[in-house]
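Listed below are the residues making up each chain.
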Protein chains: 2
Amino acid sequence: MATILPISGTVSSRIKTGGNRLLGALSPNDAALISPYLEPVSFTVGDYITRAGAPIENLCFFEQGIAGVLDSLDNDRRYAVGLLGAEGFVGWPLLMGDDRSPYDVTMRAEAGRALRIPAEKLIAAVEQSATLRTTLLRFAHIFMLQMGRTIVSSLAHSIERRMARWILLYHDRVQADEICMTHEEFRLMLGVRRSSVTDALHRLEEEQAIRAVRAKVLVVDRAKLIALAGDTYGYPEQEYARLLA
Amino acid sequence: MATILPISGTVSSRIKTGGNRLLGALSPNDAALISPYLEPVSFTVGDYITRAGAPIENLCFFEQGIAGVLDSLDNDRRYAVGLLGAEGFVGWPLLMGDDRSPYDVTMRAEAGRALRIPAEKLIAAVEQSATLRTTLLRFAHIFMLQMGRTIVSSLAHSIERRMARWILLYHDRVQADEICMTHEEFRLMLGVRRSSVTDALHRLEEEQAIRAVRAKVLVVDRAKLIALAGDTYGYPEQEYARLLA
DNA sequence: CATGCTTGGAACGGTTCCGTACAGAAACGT
DNA sequence: ACGTTTCTGTACGGAACCGTTCCAAGCATG
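Residues numbered from 1 in each chain as written. Chains lettered and ligands numbered in written order. Predicted model: local features only at pLDDT ≥ 70, side-chain atom pairs only at ≥ 80, totals over all residues. Heavy atoms only, no water.

Examining the protein's contact with DNA strand D
Heads up, the rule is: Proximity is defined per residue: if any heavy atom of the residue lies within 4 Å of a molecule or strand, that residue is considered near it. Definition of a polar contact: a pair of N or O atoms within 3.5 Å, with one able to donate and the other able to accept a hydrogen when the atoms are protein atoms, and with sequence-neighbouring residues admitted only if both atoms are side-chain atoms. Strands are runs of DSSP state E lasting at least 2 residues, helices are runs of H or I lasting at least 4, and numbering of each runs from the N terminus.
Contacts to DNA strand D come from 17 residues, most closely from A:R193, A:S196, B:H183, B:R214 and B:A215. Counted by atom, the contact set of DNA strand D within 4 Å of the protein is 52% sugar and phosphate. At a separation of 2.4 Å, a phosphate oxygen of DNA strand D approaches a polar side-chain atom of A:S196. Of all the secondary-structure elements, those providing two or more residues to the surface near DNA strand D are α7 (194-206) of chain A together with α7 (194-206) of chain B. Ranked by the residues each element gives to the surface near DNA strand D, the list is headed by α7(B), at 4 residues.

Here it is, written out as structure tokens:
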């Protein structure tokens, strides 16, 4: 348990491209519209990409790392409503007629890289290209699907199964089978007490689906996690492939 | 308990307009772009407005009634991911680059009236008017906010408090303090067993927040319901007012 | 090495909620 | 009027999960 061995794991539908998948899906013309304004930025774990209520001044297309979209309650307790990585971008409310971010968005799990573009440049670009706008809105739509599945899983499934789902969502967005996350991190997504996270992790470990070491989760059997997550995993990912291939 | 007395109730931020609020918020020019194609339709409780997976052929702007947006799991258990009425429309995925509906949408609580427009007509209209597109996307955005709060409330709150929230969402969308819904209906939104609904209703009744009669809930003390719902009620409604006033 | 911080493991009783089952009450059809 | 269906109330044991507390292990810092 002390040393971290390289675990094989089933590397199936993982995101492999180095850069941002959404930008990669753009036509050359659309890419040309925004690429002059894209500027690389990097974040460390815990950094805020946007703050709830703040004006959206930039949009960030991630190349690496995981961004957690958090909603807060009573100004203290916070919960994740969704997750995104190199398959998407942060700031979509701007394309939907809102100039302020409704959510806190922070870096999770690992350091992140992104390409940043000023809000007004992106607005100008989507006004010139309908296909660009559609591509970006498609991501927002798929994020919405993810939220829907989050609702369903929180209503229908046990902590263990919901945890399996979140591990998969993380796994899809990191390059390795090793995911850095503490029990406290899981609390954001599951909304349970920390010891319940411990218990659920142990159960997943007993089933040989993962191995947990300090501040890390190693994905051992991805298929088993998918089975546990059931219908709450897969549909948004499948729709992403259909609409943004 | 047998007879339904007229209950005063606090009629605060209710939706009063007869027609669709979103259409009402359009500029004369934008309204002119689509009104030639709007056709009145009506639904009874249980009718499907769209089916999951089916192509979006029409969009529906509701004038009366409540539409429940349902996600299904394992082909049998279904759960509500959101609710809308005369403040919105059904079919927004079309504006976000998806030609199929990801959800079942069905009529809840009471019979509904809507103005229906063929998909291609609406697409043509939003291509002519950026402000029309923005207005419609703003509704989709606010629906997303509602979904976010649904996630948070399901993670943080007891059945009783979550029920208070859903009653408010229904109350906002009907013209009266009397809401037709069976315990089974609540199950869609809370994801609990039917008897838990009974218990939670009794608790809300003890607190004089509502009165429950067969297949109906009477809102007695709206302020009390708002207090129970806490931060999970109000924010999307407030953003609607800000962005679509 | 000494110290302090973060993270994880384990335990306690208590509460909420579940699954199931059954029965009464109200509406409905004929 | 009568049976049927729908809706609601209630009760039982049991499972899941909570809040709390305490302690141990890993890690960083000086």
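Quick notes on the relation of the copies chain B and chain A
Put simply, the test is: The copies were overlaid with a least-squares fit restricted to C-alpha atoms from residues scoring a pLDDT of at least 70 in each copy. Here, two residues are considered to be in contact whenever any of their heavy atoms come within 4.5 Å of each other.
Mapping chain B onto chain A calls for a rotation angle of 180° and an axial translation of 0.0 Å; the resulting RMSD is 0.0 Å. Both chain copies can therefore be described as sitting about a two-fold axis. Within chain B, the C-alpha atom positioned nearest to the axis of rotation is that of B:I151, 2.7 Å from it. With an isologous cut-off of 70% or more, the 98% of interface residues of chain B that recur at the interface of chain A puts this contact in the isologous class.

A few points about the packing of helix α6 (residues 183-190) of chain B against α7(B)
The description of two helices packed together rests on the angle between their axes and the distance between the axes. Residue and element names in this part refer to chain B. The test is simple: In this description, a line fitted to the C-alpha atoms serves as the axis of each element, helices being fitted only across the stretch in contact, and the angle between N-to-C directions of two axes falls anywhere from 0 to 180 degrees. Our angle categories are set so that under 35 degrees counts as roughly parallel, over 145 as roughly antiparallel, 65 to 115 as roughly perpendicular, and the remainder as oblique. In this classification, Asp, Glu, Lys and Arg are treated as charged, Ala, Val, Leu, Ile, Met, Phe, Trp, Tyr, Cys and Pro as nonpolar, and every other residue, Gly included, as polar.
In the contact formed by α6 and α7, the axes pass within 9 Å of each other and the chain directions differ by 100°. Between α6 and α7, the angle falls in the class roughly perpendicular. Contact residues: H183, E184, F186 and R187 in α6; R194, V197, T198 and L201 in α7. Grouping the amino acids of the contact of α6 with α7 by side-chain chemistry returns 3 nonpolar, 2 polar and 3 charged.

With respect to the sheet that holds strand β9 (residues 216-219) of chain B
All names here are of chain B. Filter applied, for reference: Pairing between strands requires that DSSP locate at least two bridges from one strand to the other.
Strands sit in the order β7-β9-β8 across an open sheet of 3 strands; the sheet is antiparallel. In this open sheet, the two strands that pair with only one neighbour each are β7 (178-180) and β8 (210-213). Direction aside, the axes of adjacent strands within the sheet are offset by 20° on average. Strand direction decides the pairing type here: β7 and β9, joined by 3 bridges, are antiparallel. Bridged to C180 within β9 is K216.

Here we look at the nonpolar core
Quick note on the threshold: In this text, buried Ala, Val, Leu, Ile, Met, Phe, Trp, Tyr and Cys residues form a nonpolar core when linked through side-chain atoms within 4.5 Å. Three exposure classes are used, based on accessible area relative to the maximum for each residue type with a 1.4 Å probe and protein chains only: buried under 20%, partly exposed in between, and exposed over 50%.
Of all hydrophobic cores here, the largest spans 102 residues; its most connected members are A:F62, A:W92, B:F62 and B:W92. Each residue touching B:W92, except ones within four places of it in the same chain, is listed here: A:M144, B:V69, B:L84, B:F139, B:A140 and B:F143.

Notes on the environment of A:H171
Relative to the assigned elements, A:H171 resides in helix α5 (residues 159-171). As a C-alpha pair, A:H171 and A:L94 span 77 residues in sequence and 28 Å in three-dimensional space.

Brief notes about the packing of aromatic side chains
Applicable threshold: Each Phe, Tyr or Trp ring, with Trp reduced to its six-membered ring, pairs with another whose centre is within 6.5 Å; inter-plane angles below 30 degrees give stacked pairs, above 60 give edge-to-face pairs, and intermediate values give tilted ones.
Per the counting criterion, the structure on display carries 12 aromatic pairs over all chains. Both rings, one in A:F139 and one in A:F143, keep their centres 6.2 Å apart while their planes meet at 50°; by these two values the pair is tilted. In this pair, A:F139 and A:F143 both sit in helix α4 (residues 130-156), 4 residues apart, roughly one turn of the helix. One exposure class covers both A:F139 and A:F143, and it is buried. Both rings, one in B:F43 and one in B:F62, keep their centres 6.2 Å apart while their planes meet at 40°; by these two values the pair is tilted.

Topic: the protein's contact with DNA strand C
Surveying the vicinity of DNA strand C reveals 17 residues, the closest of which are A:H183, A:R214, A:A215, B:R193 and B:S196. Taken together, the sugar and phosphate atoms account for 58% of what DNA strand C places within 4 Å of the protein. Between a base oxygen of DNA strand C and a side-chain N or O atom of A:R214, the distance comes to 2.8 Å. At a separation of 2.7 Å, a base nitrogen of DNA strand C approaches a polar side-chain atom of B:R193.

What to know about the sheet that holds strand β8 (residues 210-213) of chain A
All names here are of chain A. Taken together, 3 strands build an open sheet; the order of strands is β7-β9-β8 and the sheet is antiparallel. Of all the strands in the sheet, just β7 (178-180) and β8 have a single pairing partner and so form its edges. Averaged over all pairs of adjacent strands, the angle between strand axes in this sheet comes to 20°, irrespective of strand direction. Here β8 runs beside strand β9 (residues 216-219); their pairing, made up of 4 bridges, is antiparallel. Counterpart to A212 in the pairing with β9 is V217. Helix-sheet contacts for α7 involve β8 and β9, and the interaxial angle to β8 is about 135°.

Some remarks on the domain arrangement of chain A
All names here are of chain A. Here is the rule: An automatic or database domain assignment supplies the start and end points of every domain. For salt bridges, the criterion is a side-chain nitrogen of Lys or Arg within 4 Å of an Asp or Glu carboxyl oxygen.
Segmenting chain A into domains produces domain 1 (21-132) and domain 2 (153-243). One C-alpha centre belongs to domain 1, the other to domain 2; they are set 24 Å apart. Facing 17 residues of domain 1, the contacting portion of domain 2 comprises 13 residues. One can count 2 salt bridges joining domain 1 with domain 2. For R108, the salt bridge goes to E185, with nearest N and O atoms at 2.9 Å. Those elements giving two or more residues to the side of domain 1 that touches domain 2 turn out to be α1 (21-24), β3 (58-73), β4 (77-84) and β6 (104-118). Considering every element that reaches the side of domain 1 that touches domain 2, the biggest residue donor is β4, with 6 residues.

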